[in-house]
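Residues per chain, in single letters:
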Amino acid sequence: MKILLLGSGELGKEFTIAAQRIGQTVIAVDSYENAPAMQVAHDFEVINMLDGDALDRIVAKHKPDFIVPEIEAIRTERFYDYEKQGITVVPSAKAANFTMNRKAIRDLAAKELGLKTANYRYATTAEELQKGVETVGMPCVVKPLMSSSGKGQSTIKTEADIEKAWNYAVEGSRGDVVEVIVEAFVKFNSEITLLTVVQNNNPTLFCAPIGHRQERGDYQESWQPARISDKDLYEAQDMAEKVTEALGGAGLFGVEFFLANDGVYFSELSPRPHDTGMVTLAGTQNFNEFELHLRAILSLPIFEITLEKVGASAVILASENSTNPTYSGIENIASFPKTDFRIFGKPTSRPYRRMGVALVSDTLETPIEEVVEKAKKAASLVTVNS
């Protein structure tokens, strides 16, 4: 099968590796050359994926069997036409179109499906944001409708923060949509990602929940399994199944939830492998998230997902701008037992850009806190140099 991968970052790279292991052809697409997935794909294209005509050209050129989106900044409306041409859009044109925009997925979850979410409003101007803040109250969180990895996300605690939050959200927005969502701050105890695998002809499966910690709206460490009560896990699984069923198609979804004293809150959803799910590269499961996504796409039956080990991931961040980043300290990670790493191969760096990840695993009896601390320590030993 031929797969057109739209977005070629570190998640796309691992997906491409998984696809090549079972004989699939991948064409990696991104807005810049030498993106991580391009380094391992059969072919690549460099285009602005918000340019619908350019997107049409490469679809016509390569005639893929599957279109697999990895990022938000895509002219997703074209996906409906590609489906009519007989191309499988992953998970579906509807799912990709809805989830690339926080407005569509939040309204689906809250208004159509009745899932519990934070109180929220939308704003297309700084003035509308001011009104939205007055409605949901402070503190509150502001996010662009189209962004990833925490770009443009900030917390408003005082009146003075509103204009700054608007400007930051606009700067961090991906695509051509200048609109933000402002949502009430949920007093949560923890947050999880529930990797949900929707199959074409078999039951929906769930991975063990993944816990994570964020800074600047982007994950810093993730661990599997996360602590969660049976009641909350059942509630999260029920919500995840409802929203993925409404979106349609097959593949792996990363569904995010807040766990609070008054229950589980739906937060966000990605129709693809999730960054926090990179912990599965530590061998925590019988299949990692990229293998699960691929198998679901190809309608290969997945009998079960088993938790094999506890594990943690911790990000390796750049601290400066560089057009030729290099790495020191990798040998330090390599000397740790039950520890591994991935360097993504991004051709440029900037402060706080995710350049790699440290991975740690251990037996199921090992306290998860120990594994997380070990991963953090391992990641801190690597420096990204210009």
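- The name given to the protein chain in an unreviewed UniProt entry is Formate-dependent phosphoribosylglycinamide formyltransferase, with the source organism recorded as Flavobacterium algoritolerans.
- On record in UniProt, under Sequence similarities (unreviewed entry), the comment for the protein chain is "Belongs to the PurK/PurT family."
- On record in UniProt, under Pathway (unreviewed entry), the comment for the protein chain is "Purine metabolism; IMP biosynthesis via de novo pathway; N(2)-formyl-N(1)-(5-phospho-D-ribosyl)glycinamide from N(1)-(5-phospho-D-ribosyl)glycinamide (formate route): step 1/1."

## Comments concerning the overall build of the protein chain
- Per the secondary structure count, the protein chain includes 11 helices and 20 strands.
- The C-alpha atoms of the protein chain give a radius of gyration of 20 Å, which matches the 21 Å a tight globule of 386 residues would have.
- When the backbone C-alpha atoms are referred to their principal axes, the protein chain occupies close to 50 × 50 × 45 Å.
- Of all 386 residues assigned to the protein chain, the portion counted as buried reaches 56%.
- Look at the contacts in the protein chain between residues 6 or more apart in sequence, and 63% of them connect residues 24 or more apart.
- Split by element, the accessible area of the protein chain, about 16,000 Å² in all, is 48% carbon and sulfur.
- Seen as two clouds, the 40 positive and the 53 negative side-chain charges of the protein chain have centres 1 Å apart.

## Notes on the pattern of salt bridges
- Scanning all chains against the criterion turns up 25 salt bridges.
- The partner of Arg272 in a salt bridge is Glu72, with the nearest N and O atoms 2.5 Å apart. Of this pair, Arg272 sits in the loop between strand 15 (263–270) and helix 9 (289–297) while Glu72 sits in the loop between strand 4 (66–69) and helix 3 (79–84), and the two are 200 residues apart along the sequence. Across the pair, Glu72 and Arg272 agree in class, each one buried.
- In this structure, Asp218 and Arg354 form a salt bridge, with 3.2 Å as the shortest nitrogen-oxygen distance. Here Asp218 is found in strand 13 (residues 218–224), whereas its partner Arg354 is found in strand 19 (residues 354–362), with 136 residues between them in sequence. In this structure, Asp218 and Arg354 share a single accessibility class: buried.

## Considerations on the environment of Leu50
- Mapped onto the fold, Leu50 is located in the loop between strand 3 (43–46) and helix 2 (52–62).
- Classification of Leu50 as buried rests on a relative accessible area of 17%.
- Along the sequence, Leu50 and Ile74 sit 24 residues apart, while their C-alpha atoms lie 4.8 Å from each other.

## Focus on the side chain of Glu72
- The class for Glu72 is buried, based on a relative accessible area of 7%.
- Polar contacts involving the side chain of Glu72 include one to the side chain of Arg272, which spans 2.5 Å.

## Here's the deal with the nonpolar core
- If you look at the biggest cluster of nonpolar residues, it comprises 27 residues, and the most contacted ones within it are Ile3, Phe15 and Val68.
- Secondary structure elements with two or more residues in this core: strand 1 (2–6), helix 1 (10–21), strand 2 (25–30), strand 4, helix 9 and strand 19.
- Among the nonpolar cores identified, the runner-up in size contains 22 residues, and Ile105, Leu108, Leu194 and Phe206 belong to it.

Conventions we followed
- Residues numbered from 1 in each chain as written.
- Predicted model: local features only at pLDDT ≥ 70, side-chain atom pairs only at ≥ 80, totals over all residues.
- Heavy atoms only, no water.
- UniProt positions renumbered as here; feature names shortened; annotations may be inferred.
- Helix = DSSP H or I, 4+ residues; strand = E, 2+ residues; numbered from the N terminus.
- Rg over C-alpha atoms; globule rule 2.2 N^0.38 Å.
- Buried < 20%, exposed > 50% of the residue type's maximum accessible area, 1.4 Å probe, protein only.
- Contact = heavy atoms within 4.5 Å.
- Areas by Shrake-Rupley, 256 points an atom, 1.4 Å probe, with all protein chains shown as cover.
- Lys, Arg positive; Asp, Glu negative; His and termini not counted.
- Charge placed at Lys NZ, Arg CZ, Asp CG, Glu CD.
- Salt bridge = Lys/Arg side-chain N within 4 Å of Asp/Glu carboxyl O.
- Polar contact = N/O pair within 3.5 Å; in protein donor to acceptor, adjacent residues only side chain to side chain.
- Core = buried A, V, L, I, M, F, W, Y, C linked by side-chain atoms within 4.5 Å.

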